[in-house]
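# Structural overview
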Amino acid sequence: MASSGAPFHKALSKIACKRLQKELVEWQMNPPTGFKHKVTDNLQRWIIEVIGAPGTLYANETYQLQVDFPEHYPMESPQVIFLPPAPLHPHIYSNGHICLDILYDSWSPAMTVSSICISILSMLSSSTEKQRPTDNDRYVQNCKNGRSPKETRWWFHDDKV
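Residues numbered from 1 in each chain as written. Predicted model: local features only at pLDDT ≥ 70, side-chain atom pairs only at ≥ 80, totals over all residues. Heavy atoms only, no water.

Turning next to the overall build of the chain. Regarding its fold elements, the chain presents three helices and four strands. Starting at the N terminus and ending at the C terminus, the chain contains elements arranged as α-β-β-β-β-α-α. Here the chain holds 161 residues, and 47% of them are scored as buried. Carbon and sulfur atoms make up 53% of the accessible area of the chain, which totals about 8700 Å². (Helix = DSSP H or I, 4+ residues; strand = E, 2+ residues; numbered from the N terminus. Buried < 20%, exposed > 50% of the residue type's maximum accessible area, 1.4 Å probe, protein only. Areas by Shrake-Rupley, 256 points an atom, 1.4 Å probe, with all protein chains shown as cover.)

This is how it looks when you write it as structure tokens:
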């Protein structure tokens, strides 16, 4: 959902700008396998193309991630969602929200956009079935009006997929 950037309306801090510029240069020199950054003039919102890894349920499928950076990145995690259509996965809701601990409770300022992308691709690659989370309809209904996934109290209980 492209409109889910509401919590990131504040301008980036000087530290966040420097960090993102550094990450962008590193990405351009050595992009993570299976990802393409769609170049825009907006440093605060990145659109990243994700290509499913060979030999997985998502092989050669293409999806888009929207990464919105908060004012105090990297001390605060970015908001990361899939733009429609989101992949069918037990940890990805139909509205694009991703249940992945590193995006929330387990975030560390040492993480980068590349490490987030690699974690998401790993999550996709390890899945054995294409299906929505069992509470998808209820969760998506509760997220009406542009609620950010960062406002969710996630329960991280399943590390098998």
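Past the structure itself, the notes keep going.
Moving on: the UniProt feature "active site" (unreviewed entry) in the chain. As recorded in UniProt, the feature "active site" (unreviewed entry) lies at Cys99. Looking at the secondary structure, you find Cys99 in the loop between strand E4 (79-82) and helix H2 (113-125). The exposure class of Cys99 is buried, given its relative accessible area of 11%. (UniProt positions renumbered as here; feature names shortened; annotations may be inferred.)

Once that is clear, we can look at the pattern of salt bridges. Throughout the structure, instances matching the rule amount to five salt bridges. Of the charged contacts in the structure, one is a salt bridge between Glu61 and Lys130, with a shortest N-O distance of 2.4 Å. In this pair, Glu61 sits in the loop between strand E2 (45-51) and strand E3 (62-68) while Lys130 sits in the loop between H2 and helix H3 (136-142), placing the two residues 69 residues apart along the sequence. Residues Asp135 and Arg138 are paired through a salt bridge, measuring 3.8 Å at the closest nitrogen-oxygen approach. (Salt bridge = Lys/Arg side-chain N within 4 Å of Asp/Glu carboxyl O.)

Right, let's talk about helix H1 (residues 14-29) for a bit. Helix length check: H1, at 16 residues, gives a terminal C-alpha distance of 23 Å against a target of 22 Å (1.5 Å per residue), a fit within 8%. For H1, every residue scored as buried is listed here: Ala16, Arg19, Leu20, Glu23, Leu24 and Trp27. The arc that holds every buried residue of H1, seen down its axis, measures 135°, which confines them to one face. Along H1, the residues that are exposed and aim more than 90 degrees away from the buried face are Lys14, Ile15, Lys18, Lys22, Gln28 and Met29. Those residues of H1 that are buried lie in contact with strand E1 (35-38), E2 and H2. (Expected span 1.5 Å × (residues − 1). Arc of directions from axis to C-beta. Contact = heavy atoms within 4.5 Å.)

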